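Chain and residue survey
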Amino acid sequence: MRALLQRVTRAPGGRRGKWLVLAAWLIVAVALGPLAGKLGDVEDTSANAFLPRGAESARVNTELEKFRTDTVMPAVVVYTGEGAEAKAAADRTAFAQFVPTGEEISRPLPSDDGEALMTVVPLDTEDDLTGRIDELRKIAGATAPPGVDIEVGGPAGSLTDQVAVFDGLDSTLLLATALVVAVLLLITYRSPVLWLLPLLAVGFAAVLTQVTTYLLAKHAGLPVDPQSAGVLMVLVFGVGTDYALLLIARYREELHRHADRHEAMRIALGRSGPAILASAGTIAVGLACLAFADINSSRSLGLVGAIGVVCGFLAMVTVLPALLVITGRWVFWPFVPRHGTPARKERTVWSRIGTAVARRPRWSWMMSVAATGVLALSAAGIGMGLTQAEMFQDKPESVVAQERISAHYPSGASDPAKIVTRTGQAAEVRAAAATVDGVARVEKAADRTPDGELTTLSVVLADAPDSQAAKDTIDELRDAVHAVSGSGALVGGTTAQTLDTQRAADRDLTTVIPIVLLVVLGVLIWLLRALVAPLLLLATVVLSYFAALGASNLLFEHVLGFAGVDWSIPLMGFVFLVALGIDYNIFLMHRVKEEAARLGHSRGVLEGLTSTGGVITSAGIVLAATFAVFAGLLLVTMAQMGVLVGIGVLLDTFLVRTVLVPALALDLGRWFWWPGRLFHRVAERGRDAAGGPASSSARDRAHEPA
């Protein structure tokens, strides 16, 4: 694999190869670029795109496709205040233009307390549902009498408000992420030109990613939803920039050692390429492990994210080196790396940190573990689950409508549960459902399939659709209707979907996490040719994850005011943080391994930390900042994921990689590399030239066999 990588990476830095590589990418961008804008055409926005595979609620949605009304979704208009009757009657007439043929708008239904009216407007989901809801809201809001409040909600209103969160998400995130990355690159390189090259390379990667994702979704059934499509570009920018920073830092080092920039790039690629490959492989395979998840949106995010990482890797080891060699040394202006000059100062902040850690390595790693452990304790009291009203940072109109309905009607009136049953047993199923505690009523009207074999029943729950009491009612309702022999009854609807998703999230945690850990461990063993070091590195990243989860929970609860944590966050956060967090350990330990073979273990650890300190810190800040873009989104789930990943990356960058891992390596001595070849080859060479104390050398000698 390494020999193949070395042969592949010669081309971008070659005198002719650089032009061929650039030409190839330009041809790809021009020829396939138009397809990149079509990713939205293959996004799945149906309810099943966010539900578990095989869940009963998902099966209900599939069965509903057999009904004539399968494309109908109700909007619910709620009127409160004196004088609402005339307005509701006038609106009912105006709403008629949007109702599909064969459907009818309900008459305004008064609440038992006489303080509210509710009109149900059926809408065709195959039409422009968002546009129809906007029209309804415009009509309802026009000429409203003083003192009358009108809100449009129900399933159609709720779906429209959720879609609005993702509307324009790709372009907004892309612009915000590009701006953040550009600013950070300018600060990092302090060059008016160099920062453009990583952004240009990431742009090529973004085009390839979108085209690949579109083609696989269209022709190979790759699941893509608005959430995964939005995260995709942020991931490509963050990971791609990380690889660019690592490669450029190594290239700049080699430019100080070699007069020929082509030779400098060949060596830089040959030495940093395995670390970049291992990193990309770890992240891609780790994300791909989400294919084992039951929840379709998790599977989509994992598979789409893996494609983005692979495309980012390809761009950073091909077109970026070509661009760097074509532009030459001047692109680093005003800090041009001259041949024969030192690559860096003798004493840097990272060499001083390494020296401090080397003086008391055991104390350093124990204090690091204690600090992360304290943060991790905060995750113990985490509150899981968000109601529909808590899913948005700003309360949308559909949530206000649901609150008004809950105040004046049975809470589930606007969003009843759905039962699909065989027509012959429909009466028995209706009777069984009516006996369940928590069921307010079973609607009399029922729909049948054209062949008459299946019937749907609407069940109004007494409690709010997203409450725990409503979920308990769904369980009892399922038990009751399943007991009707020969009915084949299934219970679905919004409450059932929430319940199924919650339980699937718990199953996914116990299924996906062990797979991810085994995959990451395998990559680390392959890269480091050892067992102790990979196990310790994996343990540090897991500890960092729990610390990030605890710190995020404190922010969610006491600063951001979130009511809880969405069920999808622990798994999404774990996969992203383990895959991305191990990234920096790979960068560090690959360099440490190289230096340890040359200088000895302790000096190798300190030299590796000094050499990679600046670039990994810059990479961590860039990646954390890109994910922090999510924190400003209206959807709480996206904001929580951005905060969790951002905090976790910063912990890995500034504590785990800077202090904890080097301290563990120094404390264990050459046993850190057991049982690999380096364990047998490494020998201390006296007092460390980097300032390490004699105790470090003595400790390593004490570990050597007699």
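Small disclaimer: the values here were computed from a predicted structure and weren't measured.

1. Notes on the overall build of the protein chain
Summing up its helical and strand segments, the protein chain has 24 helices and nine strands in all. Relative to the compact-globule value of 27 Å for 706 residues, the protein chain shows a C-alpha radius of gyration of 30 Å, a close match. Scored against the burial criterion, the 706 residues of the protein chain give a buried share of 57%. Pairs at least 24 apart in sequence give 80% of the contacts found in the protein chain among residues at least 6 apart. Per element, the accessible surface of the protein chain, about 28,100 Å² overall, is 59% carbon and sulfur. For the protein chain, the distance from the average site of its 60 positive side-chain charges to the average site of its 66 negative ones is 19 Å.

2. Quick word on helix α15 (residues 397-408)
Over its 12 residues, α15 extends 17 Å from the first C-alpha to the last, a length consistent with the 16 Å expected when each residue adds 1.5 Å. Looking at α15, one finds that the buried residues are Ser398, Val399, Val400, Ala401, Gln402, Ile405 and His408.

3. Observations regarding a nonpolar patch on the surface
On the surface, Leu531, Leu535, Trp671 and Trp674 cluster together into a nonpolar patch covering about 350 Å² of accessible area. By relative accessible area, Trp674 is classed as partly exposed at 36%.

4. Section: unusual backbone geometry
Following Trp333, the chain continues into Pro334 via a peptide bond in cis, with omega recorded as 10 degrees. The omega torsion of the bond from Trp674 to Pro675 falls at -5 degrees, within 30 degrees of zero and hence cis. Inspection of the secondary structure assignment puts Pro675 in the loop between α22 (636-668) and α23 (677-681). At Arg529, a position not held by glycine, the phi torsion is positive, near 55 degrees. Along the polypeptide, Arg529 turns up in the loop between α18 (494-528) and α19 (532-558).

5. Describing the pattern of salt bridges
One pass over the structure, following the stated rule, counts 21 salt bridges. When the shortest N-O distance is used, the salt bridge between Glu254 and Arg271 registers 3.6 Å. Placement of the pair is Glu254 in helix α9 (residues 226-257) and Arg271 in helix α10 (residues 261-288), with a sequence separation of 17 residues. Classification of Glu254 by relative accessible area gives buried; the value is 0%. The class of Arg271 is partly exposed, set by a relative accessible area of 37%. Residue Asp667 pairs with Arg362 through a salt bridge whose shortest N-O separation is 2.9 Å. Of this pair, Asp667 sits in helix α22 while Arg362 sits in helix α14 (residues 361-377), and the two are 305 residues apart along the sequence. Salt bridges sharing common partners tie together Arg250, Glu253, Glu254, Arg257, Arg271, Arg591, Glu594, Glu595 and Arg598.

6. Here we look at the packing of helix α20 (residues 569-599) against helix α21 (residues 601-628)
α21 packs onto α20 with a crossing angle of 155 degrees between their chain directions and a minimal axis gap of 7 Å. The angle between the axes of α20 and α21 places the two elements in the roughly antiparallel class. When the axes of α20 and α21 are compared, the crossing they make is right-handed. Class assignment for the residues of the contact of α20 with α21 results in 14 nonpolar, six polar and four charged.

7. Here we look at the state of the cysteines
For the structure shown, the criterion picks out zero disulfides. Note on Cys289: no disulfide assigned, nearest cysteine sulfur contributed by Cys311 at a separation of 19 Å. Since its relative accessible area comes to 4%, Cys289 is described here as buried.

8. Re the sheet that holds strand β4 (residues 149-153)
Hydrogen bonds between backbone groups are what pair the strands of a sheet, and the pairing can be parallel or antiparallel. What the four strands build is an open sheet, ordered β2-β3-β1-β4; its pairing is antiparallel. At either end of the open sheet lies a strand with only one pairing partner, and these are β2 (109-110) and β4. In this structure, strand β1 (residues 72-80) lies alongside strand β3 (residues 116-124), joined through nine bridges in antiparallel fashion. The residue bridging Met73 from the neighbouring strand is Leu123, located in β3. Sheet strands in contact with helix α4 (residues 84-95) are β1, β3 and β4, and its direction is about 155 degrees off that of β1. Across the sheet, helix α5 (residues 129-141) touches β1, β3 and β4, and the angle it forms with β3 is around 150 degrees.

9. Regarding the environment of Leu235
Tracing the chain through its elements places Leu235 in helix α9. Excluding residues that lie within four positions of it along the chain, Leu235 makes contacts with Gly240, Leu287, Gly305, Val309, Phe576, Leu580 and Phe627.

10. A word on the confidence of the model for the protein chain
As a note on interpretation, predicted positions should not be read in detail where pLDDT is low. Put simply, the protein chain has an average pLDDT of 83, and 91% of its residues get 70 or more. When mean pLDDT is compared element by element in the protein chain, strand β9 (residues 490-492) scores highest at 93, while helix α24 (residues 694-703) scores lowest at 39.

11. Let's talk about the nonpolar core
Formed by 157 residues in total, the largest nonpolar core has its most connected members in Tyr243, Tyr251, Val309, Phe576, Leu580, Met589 and Met641. Sequence-distant contacts of Met641, defined by excluding residues within four places in its chain, comprise Val231, Leu301, Ile569, Met572, Phe576 and Phe630. With 21 residues, the next largest nonpolar core counts Ala75, Ala88, Leu117 and Val148 among its residues.

Rules of the game
- Residues numbered from 1 in each chain as written.
- Predicted model: local features only at pLDDT ≥ 70, side-chain atom pairs only at ≥ 80, totals over all residues.
- Heavy atoms only, no water.
- Helix = DSSP H or I, 4+ residues; strand = E, 2+ residues; numbered from the N terminus.
- Rg over C-alpha atoms; globule rule 2.2 N^0.38 Å.
- Buried < 20%, exposed > 50% of the residue type's maximum accessible area, 1.4 Å probe, protein only.
- Contact = heavy atoms within 4.5 Å.
- Areas by Shrake-Rupley, 256 points an atom, 1.4 Å probe, with all protein chains shown as cover.
- Lys, Arg positive; Asp, Glu negative; His and termini not counted.
- Charge placed at Lys NZ, Arg CZ, Asp CG, Glu CD.
- Expected span 1.5 Å × (residues − 1).
- Patch = residues over 30% accessible without salt bridge, like charges linked within 9 Å, V, L, I, M, F, W, Y side chains within 5 Å.
- Salt bridge = Lys/Arg side-chain N within 4 Å of Asp/Glu carboxyl O.
- Axes fitted to C-alpha atoms, helices over the stretch in contact; angles between N-to-C directions.
- Parallel < 35°, antiparallel > 145°, perpendicular 65-115°, else oblique.
- Left-handed = near helix turned anticlockwise from the far one by under 90°.
- Nonpolar A, V, L, I, M, F, W, Y, C, P; charged D, E, K, R; others polar.
- Disulfide = S-S within 2.5 Å.
- Pairing = 2+ DSSP bridges.
- pLDDT = per-residue confidence, 0-100.
- Core = buried A, V, L, I, M, F, W, Y, C linked by side-chain atoms within 4.5 Å.

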